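# Chains, contacts and geometry: an overview
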Amino acid sequence: VTSPPPLLEHPYSRRIAAVRGALGSAAIDGLLVTHPPNLRDLTGFDGSLGALLVSGSRCTLIVDGRYVTAARARAEVVPELRDVGVELAERSLEETIARVVLDARVEVLGIEAAATTLSRFNKLADAFAGAGAQPSLQPVERIVEVARLIKDAVELAALRRGAAMLSDVAREVPSFVKAGRTERQVAGRIDSALREAGFERLAFETIVASGPNSALPHARPSLRTLTPGDGVVLDFGGVYDGYCVDLTRTVQLSPQTDAFGRLFDAVAAAHAAAIKAVRPGIAASAVDAAARESLAAAGLADAFMHGTGHGLGLEVHEEPRISRAGGHAEETLRPGMVFTVEPGAYVAGLGGVRIEDDVVVVEEGCEILTDVPIDQRLGSFPRSDAPGLAPRI
Ligand code: GLY
Ligand code: MN
Ligand code: MN
């Protein structure tokens, strides 16, 4: 058994410098980072609660008694964390945040709006009032998230290895899918295979959707027993070294049918069209449009009712959003972005098909990180001419 090569330390100081560089354009002089994946991105801290103040001159991690010993020990030995101070929140997180922020003479403090409950916001305002000074609290969006859009070499190494491990699991999965088993039993086998492969946890609750349930894009595994002729959507993912990977394959138990085969081929064609579209310089929504147009040409426009993909990283659903034009899907693709491509078609009375792979944008186009045959339908389909996919690099 060979153990994986040790990963390099994450470039925390570079990431913190990028946040510092963004303070000015957000019109704040300090950012209070509280969204756990953002804390992890900037410091490696992976506790459930904490805060990081990044100002022009300070970078201070505030944690409670559960985490302080480990956080201080790490800050001492990891060179990338040399400029990060660690403060213990003795009475409450908010009181210590107020002290640290006032100490740093921050006058306009950015608060991560998407990750801050009203209750915590009020506590923080109260803590400042109690400390006798009140910086202006400015809700901000997407400062760390935008920096997280482009994965660096250390992150790509984790994602690559995770995708390879997930692909190994996925190649085994068709052997778990047998008539007579319940969806939950199949999901249980997938979950143990993920653990066995070395994932630290599941990236989300595994989906096994059979027969009529396969026509529901996010069905939960039920006690339904798999039945001959069922289409079965299998969607699962794992977290490796903090980074999420996510994959879907669809199989049909025999006897296989022409109708399901045509649905499968249409989704496989949309998946191939979307992957072919991926390259730097285009809008994320152009990838979605490629999948959508392909399904529309097959008469399945209304059968595809979700986005084509989502970014992968410390979160299983992050930016970029590969969806219809508008909002964040206007993000321009750049090398180093990692996301899923997962078109699907869901037809009541027939069933559903989804095919999902993970890709990274490279200068030349797109590299597929996952590596599993698309056509894992058990036995051979009447129509087995679904386009094959070779990695395009
Ligand atoms: N099941 C989560 C996803 O594929 O996005
Ligand atoms: Mn998935
Ligand atoms: Mn996904």
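Here goes a summary of the coordinates provided. (Residues numbered from 1 in each chain as written. Chains lettered and ligands numbered in written order. Predicted model: local features only at pLDDT ≥ 70, side-chain atom pairs only at ≥ 80, totals over all residues. Heavy atoms only, no water.)

What follows is about the nonpolar core. Val177, Val186, Ile190, Leu234 and Phe236 are the most contacted members of the largest nonpolar core, which has 40 residues in total. The biggest single contributor to this core is helix H7 (residues 153–172), with eight residues. If sequence neighbours within four positions are ignored, leucine 234 has contacts with Val173, Val177, Val186, Ile190, Ile207, Val208, Leu247, Thr248, Arg249 and Val251. (Core = buried A, V, L, I, M, F, W, Y, C linked by side-chain atoms within 4.5 Å. Buried < 20%, exposed > 50% of the residue type's maximum accessible area, 1.4 Å probe, protein only. Helix = DSSP H or I, 4+ residues; strand = E, 2+ residues; numbered from the N terminus. Contact = heavy atoms within 4.5 Å.)

Donor atoms from the polypeptide that coordinate the manganese ion (ligand 3) comprise Asp246 (OD), His310 (NE2), Glu342 (OE) and Glu356 (OE), at 2.0 to 2.1 Å from the metal. Around the manganese ion (ligand 3), the six donor atoms are arranged such that angles at the metal cover 52 to 157°; this shape is classified as irregular. Written as a sequence motif, the donor arrangement for the manganese ion (ligand 3) is D-x63-H-x31-E-x13-E. The distance between the manganese ion (ligand 3) and the manganese ion (ligand 2) is 3.2 Å, with aspartate 246 acting as a donor to both metals. Of this pair, aspartate 246 sits in strand S10 (residues 243–252) while glutamate 342 sits in the loop between strand S13 (338–341) and strand S14 (344–347), and the two are 96 residues apart along the sequence. With relative accessibility at 3%, the residue aspartate 246 sits in the buried group. Exposure remark for glutamate 342: the relative accessible area of 8% places this residue in the buried category. (Donors = N, O, S within 2.8 Å, 3.2 Å for Na, K, Ca; no water. Tetrahedral: all angles 85-135°; square planar, octahedral: opposite > 155°, others 65-115°.)

In the contact formed by helix H9 (residues 258–277) and helix H10 (residues 284–297), the axes pass within 8 Å of each other and the chain directions differ by 150°. Classified by the angle their axes make, H9 and H10 are roughly antiparallel. Of the two elements, H9 crosses H10, and the hand of that crossing is right-handed. Residues Ala266, Val267, Ala269, Ala270, Ala273, Ala274 and Ala277 of H9 pack against Val287, Ala290, Ala291, Ser294 and Leu295 of H10. (Axes fitted to C-alpha atoms, helices over the stretch in contact; angles between N-to-C directions. Parallel < 35°, antiparallel > 145°, perpendicular 65-115°, else oblique. Left-handed = near helix turned anticlockwise from the far one by under 90°.)

What surrounds ligand 1 is the set Phe204, Ile207, His218, Asp235, Asp246, His310, His317, Glu342 and Glu356. Residue histidine 218 places a side-chain N or O atom 3.3 Å away from a nitrogen atom belonging to ligand 1. Here an oxygen atom of ligand 1 and a side-chain polar atom of aspartate 246 are 3.1 Å apart. Classifying every residue of the shell around ligand 1 gives two nonpolar, three polar and four charged. (Near = heavy atom within 4 Å. Polar contact = N/O pair within 3.5 Å; in protein donor to acceptor, adjacent residues only side chain to side chain. Nonpolar A, V, L, I, M, F, W, Y, C, P; charged D, E, K, R; others polar.)

This part is about the coordination of the manganese ion (ligand 2). Protein-derived coordination of the manganese ion (ligand 2) comes from Asp235 (OD), Asp235 (OD), Asp246 (OD) and Glu356 (OE), at a distance range of 2.0 to 2.7 Å. The motif formed by the donor residues of the manganese ion (ligand 2), counted along the single chain, is D-x10-D-x109-E. Taking the relative accessible area as the measure of exposure, glutamate 356 reaches 0% and is therefore buried.

As judged from the five bridges shared by strand S5 (residues 108–112) and strand S6 (residues 136–140), these two strands associate in the parallel manner. Along S6, the bridge assignment pairs leucine 109 with leucine 137. (Pairing = 2+ DSSP bridges.)

Considered for burial, the residues of helix H3 (residues 68–77) that qualify are Val68, Ala71 and Ala75. Along the long axis of H3, the arc covered by the buried residues comes to 65°, so they all point the same way. Residues of H3 that are exposed and point more than 90 degrees away from the buried face comprise Thr69, Ala70, Glu76 and Val77. Next to the buried residues of H3 lie strand S3 (59–63) and strand S4 (85–88). (Arc of directions from axis to C-beta.)

Our next topic: the packing of aromatic side chains. The final tally for this structure, using the stated rule, is one aromatic pair. Seen in terms of ring centroids, phenylalanine 45 and tyrosine 67 are 5.1 Å apart; in terms of plane orientation they differ by 85°. Their pairing is edge-to-face. Highlighted residues: phenylalanine 45 in the loop between helix H2 (36–43) and strand S2 (51–55) and tyrosine 67 in the loop between S3 and H3, separated in sequence by 22 residues. (Phe/Tyr/Trp six-rings, centres within 6.5 Å; stacked < 30°, edge-to-face > 60°.)

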